Amino acid sequence: MSEPRINDRIRVAEVRLVGPNGEQVGIVRVEDALRLAQEADLDLVEVAPDARPPVCKLMDFGKFKYEADMKAREARRNQANTVLKEIRFRLKIDPHDYGTKKGHVERFLKAGDKVKVMIMFRGREQSRPEMGVRLLQRLADDVAELGFVESMPKQDGRNMTMVLGPTKKKADAKNEQRRRAQETAAAKDDAAAADTAAETQS
């Protein structure tokens, strides 16, 4: 979206003017609109440049930009922060490999991420789905402090999958950490936006 034109950047003879509270003032000369803006200590902002004549509104442009940035940041913050990680097991996994992969699952859950656990069946193993369920249940029990079974074991051809979700406390801690990082970035954006608004108005 292009930067709105405000005050002396508006290059037309007449505009359809909207007051600060949304009231319709009507079609006025740009000079008169600028005078009204100056008297009210507000900015004249072009809000619909393609209309004939363009629509302009009396507003505090710095405040408007700040509120728009805050809304955009809130929308970003409310987006789901959880990532889905994937890890694969063999049905006949040896104890050392199981321990290593379990460690990866624990690390993902501690980070507040979901984990899709997949068992790949080979040959005749497909006829023993109960062994896959047992292995996935064992893993779920082993990581129960960090995560819970969000999606029960389900077989799909040669694969069986289960989804583990992080326990709320751990996920909240991670989301809090991410939120703080976003707020720090947003504070920098605010400073930049304030500088831009000041330059625009000067």
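Treat the numbers as computed from the prediction; the structure is a model and nothing was measured.

**Regarding the pattern of salt bridges**
Side chains that differ in charge, positive against negative, can pair when their charged atoms come close. For the coordinates displayed, the defined rule picks out seven salt bridges. Residues Arg 88 and Glu 86 are paired through a salt bridge, measuring 3.2 Å at the closest nitrogen-oxygen approach. Residues joined by salt bridges that share partners form a network here, namely Arg 29, Asp 32, Arg 35 and Glu 39.

**Quick look at the nonpolar core**
Phe 89, Val 105, Val 117, Ile 119, Leu 139 and Leu 164 are the most contacted members of the largest nonpolar core, which has 21 residues in total. Elements with a minimum of two residues in this core: strand S5 (84–90), helix H3 (95–110), strand S6 (114–120), helix H4 (129–142) and strand S8 (159–166). When neighbours within four sequence positions are excluded, Leu 139 is seen to be in contact with Phe 89, Tyr 98, Lys 102, Val 105, Val 117 and Leu 164.

**Description of the packing of aromatic side chains**
Inspection of every chain in the model, using the stated rule, returns two aromatic pairs. Where Phe 61 meets Phe 64, the ring centres are 6.1 Å apart and the plane angle is 35 degrees; that geometry is what we call tilted. Linking Phe 61 with Phe 64, this pair stays in helix H2 (residues 61–78), spanning three residues, or about one helical turn. Note on Phe 61: relative accessible area 2%, which makes it buried. Judged by relative accessible area, which is 39%, Phe 64 ranks as partly exposed. It is Lys 101 that lies over the ring of Phe 89; its NZ or CZ is 6.0 Å from the centre. Directly above the ring of Tyr 98 sits Arg 138, whose terminal nitrogen or CZ lies 3.8 Å from the centroid.

**Examining the sheet that holds strand S7 (residues 147–156)**
The sheet built from four strands is open, its strands ordered S5-S6-S8-S7 with mixed pairing. Strands at the two margins of the open sheet, each flanked by one partner only, are S5 and S7. Pairs of neighbouring strands in the sheet enclose a mean axial angle of 20 degrees, with direction left out of account. Pairing of S7 with S8, which is carried by seven bridges, proceeds in the antiparallel orientation. Looking at the pairing, Gly 147 lines up with Pro 166 of S8. Sheet strands in contact with H3 are S5, S6, S7 and S8, and its direction is about 170 degrees off that of S5. Taken strand by strand, H4 contacts S5, S6, S7 and S8, and its axis lies near 15 degrees from that of S8.

**What to know about H3**
In a regular helix each residue adds 1.5 Å, so 16 residues correspond to 22 Å; H3 covers 22 Å between its end C-alpha atoms and thus fits that length. Its side-chain oxygen at 2.9 Å from the backbone nitrogen of His 96, Asp 94 defines the N-terminal cap of H3. The first or second residue beyond H3 is Gly 112, which carries a positive phi of 85 degrees.

**Structural notes on the pairing of strand S4 (residues 55–59)**
The buried count for S4 comes to four of five residues, which makes it a mostly enclosed element. Looking at chain direction, strand S1 (residues 14–18) and S4 are connected through three bridges and run parallel. Pairing of Leu 17 across the sheet is with Cys 56, part of S4. Two strands pair when backbone bridges link them, and strand S3 (residues 43–48) and S4 are joined in this way by five bridges, in the antiparallel orientation. Counterpart to Ala 48 in the pairing with S4 is Val 55.

Conventions adopted
- Residues numbered from 1 in each chain as written.
- Predicted model: local features only at pLDDT ≥ 70, side-chain atom pairs only at ≥ 80, totals over all residues.
- Heavy atoms only, no water.
- Salt bridge = Lys/Arg side-chain N within 4 Å of Asp/Glu carboxyl O.
- Core = buried A, V, L, I, M, F, W, Y, C linked by side-chain atoms within 4.5 Å.
- Buried < 20%, exposed > 50% of the residue type's maximum accessible area, 1.4 Å probe, protein only.
- Helix = DSSP H or I, 4+ residues; strand = E, 2+ residues; numbered from the N terminus.
- Contact = heavy atoms within 4.5 Å.
- Phe/Tyr/Trp six-rings, centres within 6.5 Å; stacked < 30°, edge-to-face > 60°.
- Lys NZ or Arg CZ within 6 Å of the ring centre and 35° of its normal.
- Pairing = 2+ DSSP bridges.
- Axes fitted to C-alpha atoms, helices over the stretch in contact; angles between N-to-C directions.
- Expected span 1.5 Å × (residues − 1).
- Polar contact = N/O pair within 3.5 Å; in protein donor to acceptor, adjacent residues only side chain to side chain.

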